[in-house]
Amino acid sequence: MTSVSERFAQLRDREECALIPFITAGDPSLKATGAALKALDQNGADFIELGVPYADPLADGPTIQAAATRSLTRGTKLDDVLKLVSEVSPDISAPIILFTYYNPILNRGVETFLKDIKTAGAAGLVVPDLPLEEADSLLKPAAEIGIEVTLLIAPTSPVERMEAIAEQSQGFIYLVSVTGVTGMRTQMQTRVGDVLKQVREVTDKPVGIGFGISGPEQAKQVKGWGADGAIVGSACVKLLADGDEAEAVKNLGAFCKSLKAVLTA
Amino acid sequence: MTTTPIRPQSASPTTVPDSLGRFGQFGGKYVPETLMPALAELEAAFWKYRDDADFQAELNGLLKDYVGRPSPLYFAERLTQHYAKPDGTGAQIYLKREDLNHTGAHKINNAIAQAILAKRMGKKRIIAETGAGQHGVATATACARFGLECIIYMGVHDMERQALNVFRMRLMGAEVRGVSAGTGTLKDATSQAIRDWVTNVETTHYILGSVAGPHPYPMMVRDFHAIIGTETRQQCQDLWGGLPDILMACVGGGSNAMGLFHEFIPEPSVRLIGVEAAGFGTDTDKHAATLTKGRVGVLHGAMSYLIQDEDGQVIEPHSISAGLDYPGVGPEHSYMHDNGRAEYYSVTDDEALDAFQQVSRLEGIIPALETAHAFAYLDYLCPTVEGSPKLVINCSGRGDKDVQTVAKVLGDKLG
């Protein structure tokens, strides 16, 4: 299995901006999530972020909140998500990055959680409510077990924090494009370009930009700023939740392809 | 902002929390990165103004003339008689009358202090969460007093059962935003307030209403309520020349309890008792007894006890009292629960309703349903005490807001 940083290195050699779609596990169903993972992989996704549904998603806007609620209402458990990952990961080439809040990790036990997701075939982990100060408990065991934990930088992060975060972040650096929660926006905050420049000054690690990218136009903007990756969440989640499952998976694949086309152009 | 330190200023090494906001393993800052600089800025402002003479003068002036402090320590004679043993001994019950504060609860102590802090930090937009509506009303009041924009997040279920408080907030110019996610109660309102803060952090101060949330809130809210305990110490000294023997308060997030307890934590002779909401009973899944039934977890930015299922998902709590209807608890309570400094028990909705009526009849004081939980525990505590210990209950709020809820539940019983 390719690690997150290895895959970024390959993309850098090809001067490609990575496409990182996000979907919520279990919405509209676990079966659809499995099909969607494959569709994304076949349509240009370089990594796939898979959201573990959580009851209190502090960093998420209405679209992903609703998807998580629907998934939990259907009874999705962490074990179901891990089973799905273990079934699908051998068939896809895009490394799977799990996106989960900290409490489910803590509940299972940090080391057990890391070993379980490693066994299932996940490559990376993003925990939106675990800032640098609290991340030690996760970073050390993750390094031993072989899961790359990516930390987030926000537009409000002062430069010295950026540097400290970048130093600890593994795989890549997740640059949050807005002061806000996840969700589609018609316009990106233009200061993201400036923030990215600041991040570049403190690190050579790849930088993925996420939160608020709703389609090819914003993806193009992200590439224009020189980011190493574009993370597209709510737009994918919305497409996948819309209408007939098989049709929705097909639509998601087409959307993914259109995004990758912009990023490789 | 770029001067914000990565590691915040260190607190005194002998007290909790430590410089990272830890009470033992509890507390901390489990929030999106976007908020970290704001928390550091808030903490720096708190340390700067906590001992600042101008800030203290403004705060103390308002606590006296606007809030009406000090609140009395009242001897509840008939309640004491009710629980007296045949030989005449028994708990001597005193009430710390936070219900007599402006706006009818202890919440105003913290709301006023944080509003002054926000003003000095140059933040003109205020957000807050509320359950029972008491913290929302207190925040709306403070914002009206200082001319600050005020947005209150409240669960739609709570808006229904606390309609009077919704009207009071709107009357004072606050915008009340209903939150329908989850069960539409305090947890959901808090999450939505945090999302607003993540989005508007550069212009907005979040007046969190309990000793919960990420550091520095548990410490700051505790310190702004600590006046409850310092006044109590002085009043006990004046009344009988000594310390109280037992302190008792209801615990949802735990702000009124921390406010009363804090001053007495270094006094080993003083028993500290927190009473949680057992809802339909702790043997059901409809309760809010976090310390009694929860496990360690992370909610709303802090590690603490948490009511959660086997998968680490937060379980929607239940209490008849909107202010206790919360699946978490302040981290310092978890700390004192584990180190044994404080004791925590729980009483059911029905027991709280009985106490609500009993205190009304015996003392002519209609307590808030939250506060009624502390009174309800007297049934268990009083038969077990030896001699005639001095017991102070934090009468944290008045029950006017709950009259409709209680009338509905009691139905014909009230005629």
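Before any of the text, the structure's been laid out above.
Owing to the predicted nature of the structure, the values given are computational and were not obtained by experimental measurement. (Residues numbered from 1 in each chain as written. Chains lettered and ligands numbered in written order. Predicted model: local features only at pLDDT ≥ 70, side-chain atom pairs only at ≥ 80, totals over all residues. Heavy atoms only, no water.)

Asks: Which residues make up the overall build of chain B, and what are the values?
Replies: Across its full length, chain B holds 17 helices and 14 strands. A compact globule built from 415 residues should have a C-alpha radius of gyration of about 22 Å, and chain B, at 20 Å, falls within 12% of that. With the C-alpha coordinates aligned to their principal axes, the bounding extent of chain B is approximately 70 × 45 × 45 Å. Within chain B, the proportion of its 415 residues that are buried is 63%. (Helix = DSSP H or I, 4+ residues; strand = E, 2+ residues; numbered from the N terminus. Rg over C-alpha atoms; globule rule 2.2 N^0.38 Å. Buried < 20%, exposed > 50% of the residue type's maximum accessible area, 1.4 Å probe, protein only.)

Asks: Describe unusual backbone geometry, with residues and values.
Replies: Cis geometry marks the peptide bond from A:Asp27 to A:Pro28; its omega dihedral reads 5°. Here A:Pro28 lies in the loop between β1 (18-24) and α2 (30-42). Here A:Glu15, not a glycine, exhibits a phi torsion of approximately 55°, which is positive. Relative to the elements of secondary structure, A:Glu15 occurs in the loop between α1 (4-13) and β1. Despite not being glycine, B:Thr103 shows a phi value in the positive range, around 75°.

Asks: Tell me what's going on with helix α7 (residues 163-171) of chain B, and back it up with residues and numbers.
Replies: Residues and elements named next belong to chain B. Among the residues of α7, Asn165, Val166 and Met169 are the ones counted as buried. End-on view of α7: buried residues confined to an arc of 105°, all on one side of the axis. Exposed residues on α7 whose side chains face more than 90 degrees from its buried face are Phe167 and Leu171. The inward-facing, buried residues of α7 abut β5 (125-130), α5 (134-146), β6 (149-155), α6 (156-161) and β7 (175-179). (Arc of directions from axis to C-beta. Contact = heavy atoms within 4.5 Å.)

Asks: Talk me through the pattern of salt bridges; I want residue IDs and the actual numbers.
Replies: Under the defined criterion, the tally for this structure stands at 41 salt bridges over all chains. The salt bridge partner of B:Lys123 is B:Glu41, with a shortest N-O separation of 3.5 Å. Highlighted residues: B:Lys123 in the loop between α4 (108-120) and β5 and B:Glu41 in helix α1 (residues 36-50), separated in sequence by 82 residues. A residue is classified by how much of its surface remains accessible, and B:Glu41, at 24% relative accessible area, is partly exposed. Linked by salt bridges that have partners in common, A:Arg14, A:Glu16, A:Asp46 and A:Lys260 make up one network. (Salt bridge = Lys/Arg side-chain N within 4 Å of Asp/Glu carboxyl O.)

Asks: Let's hear about the packing of helix α6 (residues 110-120) of chain A against helix α7 (residues 136-145) of chain A: which residues, and what values?
Replies: Two measures define how a pair of helices packs: the angle their axes make with one another and the distance between the axes. Residue and element names in this part refer to chain A. For the pair α6 and α7, the least separation of the axes is 10 Å and the interaxial angle reads 40°. In terms of their interaxial angle, α6 and α7 are classed as oblique. Considering the relative orientation of α6 and α7, their crossing is right-handed. Contacts from Val110, Glu111, Leu114, Lys115 and Lys118 of α6 reach α7 at Ser137, Leu138, Pro141, Ala142 and Ile145. The residue makeup of the contact of α6 with α7, split by class, is 6 nonpolar, 1 polar and 3 charged. (Axes fitted to C-alpha atoms, helices over the stretch in contact; angles between N-to-C directions. Parallel < 35°, antiparallel > 145°, perpendicular 65-115°, else oblique. Left-handed = near helix turned anticlockwise from the far one by under 90°. Nonpolar A, V, L, I, M, F, W, Y, C, P; charged D, E, K, R; others polar.)

Asks: Give a description of the interface of chain A and chain B that names residues and reports values.
Replies: With 38 residues of chain A at the interface, the matching set in chain B holds 42 residues. Carbon and sulfur atoms supply 51% of the area buried between chain A and chain B, which totals about 3,300 Å² over both sides. Connecting chain A to chain B are 5 salt bridges. Here A:Lys77 ties to B:Glu310 by a salt bridge, and the two come within 3.6 Å at their closest N and O atoms. (Buried area = accessible area lost by both parts, 1.4 Å probe.)

Asks: Provide a residue-level description of the side chain of B:Glu370, including the pertinent values.
Replies: Residues and elements named next belong to chain B. Tracing the sequence through the fold places glutamate 370 in helix α15 (residues 369-376). Among the polar contacts listed, one links the side chain of glutamate 370 to the backbone nitrogen of glycine 323, at a separation of 2.8 Å. Here the side chain of glutamate 370 touches lysine 401 through a polar contact of 2.8 Å, side chain to side chain. Apart from residues lying up to four places away in sequence, glutamate 370 is in contact with Ala132, Cys250, Ser321, Ala322, Gly323, Leu324, Lys401 and Asp402. (Polar contact = N/O pair within 3.5 Å; in protein donor to acceptor, adjacent residues only side chain to side chain.)

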